[in-house]
Every structure is written in structure tokens, then in C-alpha cells.
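Here are the chains, one letter per residue:
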Amino acid sequence: MDQMLATLLSPMVLFFVLGLSAALLRSQMTIPEAFAKGLAIYLMMAIGLKGGVEMSRSDFSLQVWTVLAAGIVLSFCLPVIAFAFLRWTSKMDRIDAAATAAHYGSISIVTFVAATQFIRSAGLESSGYMVAVAALMEAPAIITALILAQRGQKKAPSVAGSESGELYREVLLNASIVVLVGALAIGWVTGESGMERISPFFVDPFQGVLCLFLLDMGLSAGRGLRQGWRQLDFSAVAFGLYMPLVSAALGGAIAWSLGIQAGDTALLMVLAASASYIAVPAAMRLAMPKAKPSIYLTLSLGVTFPFNLAVGIPLYLYFANLIQG
Amino acid sequence: MDQMLATLLSPMVLFFVLGLSAALLRSQMTIPEAFAKGLAIYLMMAIGLKGGVEMSRSDFSLQVWTVLAAGIVLSFCLPVIAFAFLRWTSKMDRIDAAATAAHYGSISIVTFVAATQFIRSAGLESSGYMVAVAALMEAPAIITALILAQRGQKKAPSVAGSESGELYREVLLNASIVVLVGALAIGWVTGESGMERISPFFVDPFQGVLCLFLLDMGLSAGRGLRQGWRQLDFSAVAFGLYMPLVSAALGGAIAWSLGIQAGDTALLMVLAASASYIAVPAAMRLAMPKAKPSIYLTLSLGVTFPFNLAVGIPLYLYFANLIQG
Amino acid sequence: MDQMLATLLSPMVLFFVLGLSAALLRSQMTIPEAFAKGLAIYLMMAIGLKGGVEMSRSDFSLQVWTVLAAGIVLSFCLPVIAFAFLRWTSKMDRIDAAATAAHYGSISIVTFVAATQFIRSAGLESSGYMVAVAALMEAPAIITALILAQRGQKKAPSVAGSESGELYREVLLNASIVVLVGALAIGWVTGESGMERISPFFVDPFQGVLCLFLLDMGLSAGRGLRQGWRQLDFSAVAFGLYMPLVSAALGGAIAWSLGIQAGDTALLMVLAASASYIAVPAAMRLAMPKAKPSIYLTLSLGVTFPFNLAVGIPLYLYFANLIQG
Amino acid sequence: MHEKIRLELIIERMALKRACRILETAGVSGYTVLPALSGYGRGSRWQRDRDLSASQDMVVIISISDESPIRNVLLKLHELLDQHIGILNIARVEVLRPERF
Amino acid sequence: MHEKIRLELIIERMALKRACRILETAGVSGYTVLPALSGYGRGSRWQRDRDLSASQDMVVIISISDESPIRNVLLKLHELLDQHIGILNIARVEVLRPERF
Amino acid sequence: MHEKIRLELIIERMALKRACRILETAGVSGYTVLPALSGYGRGSRWQRDRDLSASQDMVVIISISDESPIRNVLLKLHELLDQHIGILNIARVEVLRPERF
Ligand SMILES: Nc1ncnc2c1ncn2[C@@H]1O[C@H](COP(=O)(O)O)[C@@H](O)[C@H]1O
Ligand SMILES: Nc1ncnc2c1ncn2[C@@H]1O[C@H](COP(=O)(O)O)[C@@H](O)[C@H]1O
Ligand SMILES: Nc1ncnc2c1ncn2[C@@H]1O[C@H](COP(=O)(O)O)[C@@H](O)[C@H]1O
Ligand code: NA
Ligand code: NA
Ligand code: NA
């Protein structure tokens, strides 16, 4: 309870709320896309470097490999569950349900970052390799979603002008995977000595930059909600709220079975629970252009992201402590 | 005198001069709008947070409320004086005079920020709630200007396609008010403990970012001058130089009558003396599209801003010390 | 050897390699131009300020003046050598060869900055006025190239719509010269006391920002290579590799004859060896629109820049130590 | 191919919302807004990167539409352009899928 | 002056590469892509600065060309627009230097 | 509605000032410049976010004008396009307020 209040009253969450409120009150303020995209790249470099340096300090035990594998499996499987829920409870068609499911199988790196901050301020520790888990969980869900969308349909003819390999490049070489994995590797290779000289840029100001970025995310989420909510029926909104809980439970169960420490357990729950709103929407426009962004973007950015930030993270942290504490 | 030299030779002022000179020499260099806008949002977040944290340290005394009220009254009244001067001394028509008056009743947040830096380096203190005063002084002048523009005219029919509430949203929910007030509230709620983790981003680099921003403002001011000066007759330029003195005198008198400390007195004078060049020009295009930007923008950014930065601030500081020191 | 490995494994070089690899693998990731341009301005302000502050600490000896003069002479002469090599060994026509030569006579400020970092981590010192040398070496090569392009041709008629002075403004008042020279002067005037308050922005995060910028340069270089390599024959690529060595040798010889310290010798070699890819390409579009960017940009950014970063700098440093150590 | 009207309205950014409301009310099927970098007019001259307030920026609205909503809209847009800076032109173009508009 | 065709394709950014491949294969001599700021369609509405994923951004492709490659390209583009959001229009324009196309 | 000419000049950014000078000297009443994102031509290919020097960027100048200044300008622009990368097209359009041009 205290933890939850501390979370809710942190500058990060409050700046998100500020952006959300401004957008809902129909303020015209915007943060330029070029600036926000620059900040996003900064955040991914910073988190990759940090994870890499931490990895350079410890060995690559078998446990690490199993957690990495577990992350991939989770990302492959979660869309199946999400798809089933959506098709049972809502009136979404096959394509929209598959596209939405892809978002929930993939991850939100900002949710992950926010969680690492809260975990630290709760006095827990998390491992550097969880950044690698995050990177690995971005893409598999997209493949599952493609299969789900096509099951039982006759094979879709390829879109005019498409090229073999373009989807794979978009999915595996998008900015967030390139920067996360690259920075992780660089942090790992250069270790603490390399990090020392760049930490005044990548470590110290990190939380402040996150505040600025969350202000922008609040603005986006608020606008998404204002424009998109008419497209969402009750069952869809409910999905945006219970699906993270289902995923987190699954993530928690796996973490428990692997016996990893409390902080990492919380992070795996967060990764499972979070939904993508940057990488997967772009991939969906390429792979399933018929799916409606107003559905999946509004759900993932307007419903699930705020839910995780305000309610989910403290909750997962609480349970992670219970399981592994 | 020493104070003034110290001001003139600070990196901030020198970067402004660099930008101004480059523009006057017709250099083609520019700072991308998206980047400059991002910096502006950073600056407002930083100043809001700082003010909020300071406010969280002290009580909300009656004096604070009276200063806040005084700021609002000042912003409402200054345009009347400015309008009268302009109509008497220059050949500006009613609309242009009213629009220009709105700029001088409102405030320039960069002038305010620069002043807080000079006040600190002069060894004085200022209060956190002055940021709230600044935010409150942004909008009222616009209302006065609208009344001045319409007085004696038959009621203007609404512009085609306009919507009730759009002007109010533009004026009260523009980026600078949202971010200033929001960050102030966040700083106030989270206090010093919340600030601690984000101060490497919002406090330490602040003055450096200001230098970069002032370089851009110098470029803008220089270009404004080069293109706009033909539209300005002698009386208008003179107005851009004496009006800040008149406003500062009024602000100083009010501060004296309220008995506030020297640093805050200087800041109230600066707020009164400064003229808007971001929020009000945009509002004027909505509310009085017939007024000419080449007049009010050139005056406020090309004449009054440099005057305040180089001459005004040290002067107001000197008098504030005299009155309240 | 060790030095070279340390260079190759620094975060800066590794981020460049990351960008290069991503581009060669056809990743679609980009860093927004507005953001990258903002970073470039930051980098030039920072390096100018640092050089200026260092200059304020020491006297302007005669040696300084001779090094400044030597830089100008180098920039004037190098294009002649480059032009001769290109005309002898490759099939480039007169215009393309002259334009390419201009790039190699001018300098790359990022190569210079990277070199100063490596010099420091090798325990050597360099002088602040070398920034002034860098700024002075940007433009002269362009003049030589113009003469080379026109020699023996009948005088080219001026391009329609051109204005006298526009080329001179583009060349002498481009962003990098304005900011470098301006910040140098500001650092010199305000000295250490002025720098103190802005160093949390301009000094501490510098290396980190450089990493981010080099990631973008890697992306640009990789794309340049992928698209441009078909336009380059073997002799042109070879030129991009041996020309920096020739220039560095010349720079080193001059430094040796002037008897300047090892760090500065290395920097003069680096300046001579580096090729422009921001200022000169833009000037060439104005001055010699018939020259092909795909040749000079690919050579300078795709071949010579990575070569200098990975192989050149440690090599020049090694020889500088040998000569002056 | 089928004939439609292409409306192109160059207008100051601050009046964009007003223009859009007019277009939407008149029932055009859609429009796309492009940013502008700089411009020159009777005496005025603006450039995006040189004005912090962005109050002089212009944008370009393109709308491909049937003739009838366009005819509807012209009078209202004329009124808007009495107040705000902007110029409008229309041209006949051909489109592939008429049902799209 | 010589008559050419001006093709203007407003299309979602994610499909830009596909459209470009079609144009290049058909042999148009060139095209230029402009960014868009915002847009409105049948029910949808997007704005560049308000969508972190940029997945709803549109761009405008302009290609000036001879009639024949354009006629070639229309069928393929029609197919593309069955899948992706976008609208296309063509108009007759005059150019200075016909050999350029 | 009144007939005017719409001139559209796609030209490299570095030559923008030169083109503008030509237009202004010829007496067009105004023009607006749009940024471009990327492009493809005879062998060349550029993209804004991928070139630090921005030396290959193109822009689009749109000018709505009477026929006479446009005819004036064509020869000079032809000369400019002998040196600089760019293509030009003109089309007939209709405008609302002829006195505006
Ligand atoms: N004839 C024109 N063609 C294209 N754009 C124009 C034209 N006239 C004006 N503009 C645009 O409208 C802005 C304001 O024009 P003005 O009201 O004439 O000062 C200019 O800066 C241009 O961006
Ligand atoms: N008639 C039109 N004219 C210009 N742009 C359009 C038009 N219809 C749609 N668009 C653009 O295409 C996007 C998607 O349209 P829609 O598929 O109708 O939702 C819109 O947001 C606009 O940017
Ligand atoms: N036919 C065309 N239509 C539209 N834009 C073109 C055309 N040809 C060339 N361009 C533009 O001009 C640039 C240079 O073309 P080029 O000189 O053919 O390499 C291209 O990258 C495009 O941006
Ligand atoms: Na997930
Ligand atoms: Na004021
Ligand atoms: Na050189």
C-alpha cells in the first residue's frame, strides 16, 4: 500500500498524469516527434549499457540462459492466450484480435524501465541480463500473431511491392532492438571502465529524461483515449485491464519455477504484463495492414500502460516479494 | 556597474550576442525547431520543479497570496498603459496596438530564468512561488487586449470555422502554462526527496541548456530585426525600450507596497518588464488575426528582450536592492 | 598496439560500429535529423568552450600564431596534393576531383574530438588553441578547390539567381565555424569562472553525447557505403585510405618543424588527415553543383572517417609520440 | 479513371483547426496536412526554424473530393481567408477508386 | 512546354517502401516524398507529434513522369491500395525539359 | 473562380535561395516551400535522416501566380536547372480571390 502510494507520487508517474490530463483537457501542447524519438533512443542506449555493465560483472550461469529462453517462450505463448480471450469475450474480428494479441505478447520498454526504478527504490536488486530478456521478448509475439491471423484462412497473397525479408528486417532490426542489444553488448565489452566516462550522460540524468519522456507518453495516451475510446467496447477495455494480470501471473509462475531473485521475478512479470506501443504497431502496419490501429494502440497505450504504471508495477512487486522474498 | 558588467560577460548573454551577431551578419545557421522546442519544454519543467520544491519548504503565507494576486492584476493592467502609449505616440492602428500591448502585459519566461540566475550570482535569494506568479501572469493580458481591440467597434462576428473554447484552450492550456504549473505542482508534491533523483537532469545542466537556448533566441531576434525593422518607426522602437522601464517601475512599486524581499522584488519587476514572444504571438493569430506579427514579434523579441537581458535585469536588480535591500 | 585496441574497444568507436553494422544489415532505424543537428551544435559549443577556457589560462605565444598560420597553409595546400593524386590515379573528372580534394583539405570536427579523447586517455596533453586551428582549417581548402576546378577552363558564368557573397557567407558563417569560433571566444572571455556553472552540461556529459552522435554517424556512413560504393572504383577507395596518411605525414612534418608538444602534433596530424562531411559538401553544392555528392560523401564519410577513427588516430598518436615525445 | 477535385489550401498553422472544421462540416471525405518550411508573400517572409513562437508557420491542406462538398466549402473558406492568411486553389484530377471519396 | 503526368500518392509511411518499389520497377524516372503532419479520413484522424509509434503517419509521393510508366504502375498501385491506407490522383502538367523524364 | 498558374519546383535545398531570388525578381506574388523526406532519381537516392550534411536534401517550392510572371521566370529557372538538381512543372488551377495574386 505504502509502496503503491510512493509509486503513484513519484515524479515519473506524476509527469505521465500531467500529460494525460493535459491531453484529456484538450490542450494543444505537443512535444516534437523528432525530440521524443531522440529521447527514446537515449533511454534505450542507457538501459542497454547499464544492463551490459552489470552482466560484465557476473558470470553467464545456466540460470541466465533458462531465463532468456523462458522470455522467448513467454513472448511466443502470450499472444495465444490473448487471442483466445479476445475472440471469446469481444466482437473483434480475427485480424484485429491477432494484431492486439501481438502487442500483449511483446513488451513495453518504458514500463520495464519504470519498474527497474521502483524496484531499486524498494530496496531490491535486479540483474543486468533482464535487459537482454526484454530485447528477446520484443519480436516472437509478432510471429505467433501472424500464424493466428492466417490459421484457417487461405494463404494471403503477398502485398504488391513487398519484398522478401522486409518484415524480418523491420521486426528484428528495428531501432529498439538494435539499440538495446547493441548497447548491451557494448556495455558488456567495455565494462565498468568504459562506462565511467560516459555515465554523466547515460546514468545520472536518466531518471530526469524518463520524466520528460513520460510527459510525452501521457500526452499520447490521453489523445489516444480521447480519439479511440469510441472504438472500444466494454469487453475490450476490460481485456486491457485483466490481460496484464493474467500475463504477470504466468510470468511470475515461470520465475518461481526457475527460482530467480525477487527483483528479477518482478521484472519478468512486468515484461509479460506490458504491451508494446512503438515497435509492434509499426510491424503490424507492414504485416497485417487490415488490422485497425485505433483498437490496438488505444488499448495498449491508453489502457494497459497507465494501468501497469500506476497499479500493475507495485502489485507485481508485491507478489514477487511474496513468492521469492 | 560591476553587476552590469558581470551580467554582460556571462556565458548566457554572450551566447545570445553570438546568435544575434550571426543572424545580423546573415549567417544561414539555424537550430532545428524541434530541438529548440524540446529545450524550451525542458527549461520550463526545470524551473517549475525548482519553484515547486522551494514552495514545499515554506508555508503558504498570506503574503504569497497577495503577490500572486498582484501578478494577475499587473498582467491585466499593463496592456492598458501600453495601449495608451502606443496610440498616443505611434501610428499603429487599434488592432496592432492592442496586440502589442498584450505582449507587454504577459511575460517572457526566459527573461525570468535569466534574472533568477543573476539574482543568485548577486548573492540574493528569491522565492519558489515566483514561478507561480510568472505562470499566472501569462494569460490575463490577452483578455485585456481583446477588450481594448473591440472597444467602440461593433462586435466582431466570429471567424468561420472557429469553435467556442478554442481560444481559452490555447491561452490557458498552452505548453508553457501546462508545463510550468504542472511541474510546479509536481515539485511541490514530491518535495526534495522526489527532486533528488532527477536533479542531475533538471538542476545541474540547467544553465548550460539555457546558453544553448539563448543562442537560438539570438538567432531568432537577429533575424526578426533584419526583416522587421523596416516596419518599425522610431516611436515603436522607443516604446520597446521605455515600456519595460515603466512596467518595472509599476512592478517595483507594488512589490514595495507589499514589502517582499529584494530578490522577489527584482523578479516581479522583471516579469512586469518582460514581453512574451512565444505564447502571446500564437494566441494573437487566433484571436486577432488582423494584427501584424512583424510589429509585435520584432518589438518584443528583437528590441525588448535584448534590452532586458543586457540592461534591464541589472537595473531592476539595482533598484530592487535600493527599495528592499 | 595496446593503444589501438583500447581505441577500438572504446564505447565511442563501438557505437560507431553498431550504427555502421545496422545500416549495412539494412536496418531501417534512423536518428531524426533535427535531433542529430542539435547534438552537433552541442558538441561544437562544448569543444569551443573547452578550448577557449584552456586558452584563457595561457599566453598567446608566438608559437600559437605560427601553428594557426600553419593550419591555414595546410588547408590551402592539401587539396592540391589530393587533386593531383586523384587525377593521376583515378578516372574522376576535373570537377569531381576538385570537389573531393576540398573535402580532404578541410577537416572533420568529430574526428578531432575523438582524437582529443584518445590523447587524454593516453596520458598526453593538448592545447586549447588547437580548436582555433580546427576552425581555421575548415574553409581555405574550398578556395583552393575552386581555383583547381576552374584552371584552364573558360571562366564559368555565374549561376542564375546567385548573389555575390552567398558563397562566402555559406563558407565563413556556416554553423560549425560560427559556433566553434563563438564558443571559443566566449570560453576565453569568461574563463574558468564562467565555465564552472555550465560545465555540468558542456563538460561532464560530453563523451556520452559523442557516443550517441557516433551511432548516427555510423548509420550515415553505412548507408553511404551501401548506396555509394558502386560509384567508387578501386583507385578512389585506395585514395580514401592513403590520402589521410599522406596528409598526416605532412601535418606531422610541420608540427615537428615547429617543435610543438606531442598531443598537439597528433591533433595537427588528425586535422590534416580528416576529411569534411558536413560543411564542405554543402558548400560544394553551391559552388560546384556539377560535382557528384555520391563520390565525395561516400569517400569522406564511408571510407576515410572510419579509417581514421579505427586505424588512423592511434597511428598518428604513435608517430606524434615518436617525433615529439 | 474518374474525375475529382483536388483542393489545396495554403494557410497559417494557427488557423488550421478552423479550416479543418470547415472541411469536415462540409463533408469532404478526408484531407492531409503538409508542413511548410518557409514562405514569401506581399512583404512578409517567414521561416520555420527562425521563429520560436511558430506563429507565422504555414501549412498546406490537400483534399481530394467530389465536386459538391468542395463547392459547399468554398464560401466558408472564403470567409476564413478574409480573416486569416492563406491562399486556396483547386484543380481537376483523376483518381483510381471513386468509391473511396 | 511539354505535357507530362503528375502522380500524387498519399500513403501510409509504413507502406512507402512498397510503393517506391512499384514505381521504380515500372520505370518512372524519379519521385520525391514529402512528410505529412496530420490527416483526417473516414473516421480516422492522426497527428505526427501525437503518436510515438509513428505507425499512422502518412507521406505524399510526387512523381512527374511520361504517361506510359504511369499507366503501367496504376494497376500495381491499385493492388497496394487494396491492402494499405492511401489515395492516388493524377493530373496533366507541363514541364520545361522533356528529356529529363 | 479565376484561372491562375500553379508552379511546382522540386529543387535541391542548397539552391533554394537562388530559386527564390529568381521568383521574387520576376514578380510572383508569393511562394511556399515544403520540405521533402526522401527521393529517387536517375541513379541517385537520398533520405533526410540519413545524411548529416543535408547537402542532398530537396525541397518543393509552390507558387500560385498569374501567367505573366511565370512566363518571365521560366527562362531563368531553366538556366538554374542547368546547374542545379531539380525539376519543374506547371499546371492550370482555379483560385477564389484573383486580387490576391
Ligand atoms: N502566390 C503564392 N503562392 C504560394 N504561397 C503563397 C503565395 N502568396 C503567399 N503565400 C504564402 O502565404 C504566406 C503569407 O503571404 P502574405 O499574406 O502574402 O504575406 C507566405 O509567406 C507564403 O508562405
Ligand atoms: N480525400 C482525401 N484527401 C486527402 N487525404 C486523404 C483523403 N482521405 C484520406 N486521406 C488521408 O488518408 C488518411 C487515412 O484515411 P482513411 O483511410 O479514410 O481513414 C487520412 O488521415 C488522410 O491523411
Ligand atoms: N520525375 C521526378 N518526379 C519527382 N521528383 C523527382 C523526379 N526526378 C527526380 N526527382 C527528385 O530529384 C532528385 C534528384 O534527381 P536526379 O537528378 O534524377 O538524381 C530525386 O532524388 C528526387 O527527389
Ligand atoms: Na507482454
Ligand atoms: Na510584462
Ligand atoms: Na584534412
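This one's a predicted model, so the numbers in the text were calculated from it and none came from an experiment.

Draft legend 1. Summary view of the coordination of the sodium ion (ligand 4). Residues and elements named next belong to chain A. Taken together, the protein ligands of the sodium ion (ligand 4) are Tyr104 (O), Ser106 (O), Leu271 (O), Ala272 (O) and Ser274 (O), with distances of 2.4 to 2.8 Å. Mapped onto the sequence, the donors of the sodium ion (ligand 4) take the spacing Y-x1-S-x164-L-A-x1-S. With Tyr104 in helix H5 (residues 94-105) and Leu271 in helix H13 (residues 262-273), the pair connects residues that are 167 residues apart, well separated along the chain. Exposure remark for Tyr104: the relative accessible area of 1% places this residue in the buried category.

Draft legend 2. Focus on the site of ligand 1. Among the 19 residues in the neighbourhood of ligand 1, the closest are listed as Arg42(D), Ser44(D), Trp46(D), Thr32(F) and Ile64(F). The environment of ligand 1 is shared, with nearby residues belonging to chains D and F. Contact distances for ligand 1 include 2.7 Å between an oxygen atom and a side-chain N or O atom of Ser44(D). A distance of 3.1 Å is found between an oxygen atom of ligand 1 and a side-chain nitrogen or oxygen belonging to Trp46(D). Starting from 480 Å² of accessible surface for ligand 1 in isolation, the protein chains cover 96%. Among the elements of the structure, strand S3 (38-40) of chain D together with strand S2 (31-35) and strand S5 (58-65) of chain F are those that each provide at least two residues to the shell around ligand 1. Looking at the shell around ligand 1, its residues break down into 10 nonpolar, seven polar and two charged.

Draft legend 3. The arrangement of the chains, seen in detail. Contact between chain C and chain D is absent, and the least distance between their C-alpha atoms amounts to 10 Å. Across all C-alpha pairs, the smallest distance from chain B to chain E is 10 Å, and the two are not in contact.

Draft legend 4. Just the confidence of the model for chain D, in detail. The share of residues in chain D with pLDDT of 70 or more is 100%, and the mean pLDDT across the chain is 94. The complex prediction reports pTM at 0.97, with the ipTM value standing at 0.96.

Draft legend 5. The arrangement of the relation of the copies chain B and chain A in detail. After a rotation of 120° and a shift along the axis of 0.0 Å, chain B superposes on chain A with an RMSD of 0.0 Å. These values place the two chain copies in the arrangement generated by a three-fold rotation axis. The residues that chain B uses at the interface reappear at the interface of chain A in only 8% of cases, marking distinct surfaces.

Draft legend 6. Region of interest: the interface of chain B and chain A. Taken residue by residue, the interface counts 26 residues in chain B and 26 residues in chain A. Overall, the association of chain B and chain A removes approximately 2,300 Å² of surface from exposure, summing both partners, and the carbon and sulfur fraction of that is 77%. Its largest share of buried area at the contact with chain A, chain B owes to Ile186(B), Arg197(B) and Phe201(B), together 25% of the area lost on that side. Inspection of the chain B/chain A interface yields one salt bridge. Here Glu163(B) makes a salt bridge to Arg26(A), at a shortest N to O gap of 3.4 Å. There are three residue pairs in polar contact (both at pLDDT 80 or more) connecting chain B and chain A.

Draft legend 7. Structural context of the environment of Ala40(A). Residue and element names in this part refer to chain A. In this structure, Ala40 sits in helix H3 (residues 33-57). We classify Ala40 as buried; its relative accessible area is 15%. Through-space distance from the C-alpha of Ala40 to that of Ile109 is 9.7 Å; in sequence the pair is 69 residues apart.

Draft legend 8. A look at the coordination of the sodium ion (ligand 6). All names here are of chain C. Protein coordination at the sodium ion (ligand 6) comes from Tyr104 (O), Ser106 (O), Leu271 (O), Ala272 (O) and Ser274 (O), with a distance range of 2.4 to 2.9 Å. Coordination of the sodium ion (ligand 6) draws on donor residues from a single chain, spaced Y-x1-S-x164-L-A-x1-S in sequence. Of this pair, Ser106 sits in the loop between helix H5 (94-105) and helix H6 (109-121) while Ala272 sits in helix H13 (residues 262-273), and the two are 166 residues apart along the sequence.

Draft legend 9. How the structure looks around the site of ligand 3. Among the 19 residues in the neighbourhood of ligand 3, the closest are listed as Thr32(E), Ile64(E), Arg42(F), Ser44(F) and Trp46(F). The environment around ligand 3 is built from residues contributed by chains E and F. Ser29(E) is positioned such that a nitrogen or oxygen atom in its side chain is 3.3 Å from a nitrogen atom of ligand 3. At a separation of 3.1 Å, an oxygen atom of ligand 3 approaches a polar side-chain atom of Trp46(F). Computed on the free molecule, ligand 3 has an accessible area of 480 Å², of which 97% lies beneath the protein chains in the complex. Secondary structure elements with two or more residues in the shell around ligand 3: strand S2 (31-35) and strand S5 (58-65) of chain E together with strand S3 (38-40) of chain F. Residue contributions to the shell around ligand 3 peak at three residues, all from S5(E).

Draft legend 10. Representation of helix H2 (residues 11-24) of chain B within the structure. Taking 1.5 Å of rise per residue, 14 residues should cover 20 Å, and H2(B) covers 20 Å from first to last C-alpha, within 8% of that figure. Of the residues trailing H2(B), Arg26(B) is marked for its positive phi of about 65°.

Draft legend 11. Geometry of helix H6 (residues 109-121) of chain B. All names here are of chain B. With 13 residues, H6 should cover 18 Å at 1.5 Å per step; its first-to-last C-alpha distance of 19 Å lies within 8% of that length. The element H6 is extensively covered by neighbouring structure, given that 11 of its 13 residues are classed as buried. At the C-terminal side of H6, Gly123 shows a positive phi close to 85°.

Draft legend 12. A look at the pattern of salt bridges. Tallying each qualifying case throughout the model produces 57 salt bridges over all chains. Close ionic contact of Glu67(E) with Arg71(E) constitutes a salt bridge, the shortest N to O distance being 2.8 Å. Taken together, the residues span about one helical turn, with Glu67(E) and Arg71(E) both in helix H2 (residues 67-83) at a distance of four residues. Ionic pairing is found between Arg6(F) and Glu8(F), a salt bridge with its closest N-O pair at 3.2 Å. Note on Arg6(F): relative accessible area 5%, which makes it buried. Taken together, the salt bridges that share partners define one network made up of Arg26(A), Glu163(B), Glu166(B), Arg169(B), Arg18(D) and Arg21(D).

Draft legend 13. Highlighting the pairing of strand S6 (residues 86-95) of chain F. Burial analysis of S6(F) places eight of its 10 residues in the buried class, which makes it a mostly covered element. Pairing geometry for strand S6 (residues 86-95) of chain D and S6(F), over two bridges, is antiparallel. Within S6(F), the residue paired with Asn89(D) across the bridge is Val95(F). Two elements, strand S1 (residues 2-12) of chain F and S6(F), share 10 bridges in a ladder whose sense is antiparallel.

Draft legend 14. Here's a closer look at the packing of helix H12 (residues 234-258) of chain A against helix H15 (residues 293-324) of chain A. Residue and element names in this part refer to chain A. Following both chains from N to C, one finds H12 and H15 inclined at 30°, their axes separated by 9 Å at the closest point. On the basis of the axis angle, H12 is roughly parallel to H15. In the crossing of H12 with H15, the sense of the turn from one axis to the other is right-handed. Only Leu299, Val303, Thr304, Phe307, Asn308, Leu315, Tyr316, Ile323 and Gln324 of H15 make contact with H12, whose side of the interface consists of Ala236, Val237, Phe239, Gly240, Leu241, Pro244, Leu245, Ala248, Gly252, Ala255 and Trp256.

Draft legend 15. Broad picture of the packing of aromatic side chains. Here the structure, examined in full by the defined rule, presents 41 aromatic pairs over all chains. Ring centres 5.8 Å apart and planes at 80° place the aromatic pair Phe239(A) and Tyr242(A) in the edge-to-face group. Here Phe239(A) pairs with Tyr242(A), and both are found in helix H12, just three residues apart, close to one helical turn. Measuring from ring centre to ring centre gives 5.2 Å for Tyr40(D) and Tyr31(F), while their planes differ by 25°; the resulting arrangement is stacked. Of the two residues, Tyr40(D) sits in strand S3 while Tyr31(F) sits in strand S2, which places them in two different chains.

The rules we used
Positions within a chain are numbered from 1, following the residues in the order the chain's sequence is written. Chain A is the first chain written and ligand 1 is the first ligand written, with later ones labelled in order. With pLDDT at 70 or above as the cut-off, local features in this predicted model cover only qualifying residues; side-chain atom pairs require 80 or more to be listed or tallied, and sums for whole chains, interfaces and linings still use all residues. Water and hydrogen atoms play no part in the side-chain values, which are based on all heavy atoms of the structure. Because water is not among the atoms used, a metal site may look incomplete, as its donors are only the N, O and S atoms within 2.8 Å, or 3.2 Å for Na, K and Ca. Numbered from the N terminus, helices here are DSSP runs of H or I no shorter than four residues, and strands are runs of E no shorter than two. A simple rule labels every residue: compare its accessible area, found with a 1.4 Å probe on the protein chains alone, to the largest value its type can have, and call it buried under 20%, exposed over 50%, or partly exposed in between. We call a residue near a molecule or strand whenever a single non-hydrogen atom of that residue lies within 4 Å of it. Whenever a nitrogen or oxygen atom comes within 3.5 Å of another N or O atom, the pair is scored as a polar contact, on the condition that within protein one atom can donate a hydrogen and the other can accept it, and that pairs from neighbouring residues in sequence are kept only if both atoms are in side chains. Per-residue and other accessible areas were derived by the Shrake-Rupley procedure at a 1.4 Å probe size, with only the shown protein chains allowed to occlude residues. Each residue gets one of three labels, nonpolar for Ala, Val, Leu, Ile, Met, Phe, Trp, Tyr, Cys and Pro, charged for Asp, Glu, Lys and Arg, and polar for the others, Gly among them. Throughout, a contact is declared for two residues whenever any of their heavy atoms are within 4.5 Å. The predictor reports its confidence for every residue as pLDDT, a score running from 0 up to 100. A least-squares fit on C-alpha atoms brings the copies together, and the residues used are those whose pLDDT is at least 70 in both copies. A simple way to read buried area is as the amount of 1.4 Å-probe accessible surface that goes missing from two parts once joined, with both sides added. The rule for a salt bridge is simple: a side-chain nitrogen of Lys or Arg has to be within 4 Å of a carboxyl oxygen of Asp or Glu. The span you would expect from a helix comes to 1.5 Å times its residue count less one. Note on pairing: DSSP must find at least two bridges between two strands before they are called paired. An axis is simply a line fitted to the C-alpha atoms; with a helix, the fit covers only the stretch in contact. Between two such axes, the angle follows the N-to-C directions and lies from 0 to 180 degrees. An angle below 35 degrees is treated as roughly parallel, one above 145 as roughly antiparallel, one from 65 to 115 as roughly perpendicular, and anything else as oblique. Rotating anticlockwise by less than a right angle from the far helix to the near helix defines a left-handed crossing, while the corresponding clockwise rotation defines a right-handed one. Note on ring pairs: Phe, Tyr and Trp rings are taken, using the six-membered ring of Trp, and paired if centres are within 6.5 Å. Classes follow the plane angle, with under 30 degrees stacked, over 60 edge-to-face and the rest tilted.

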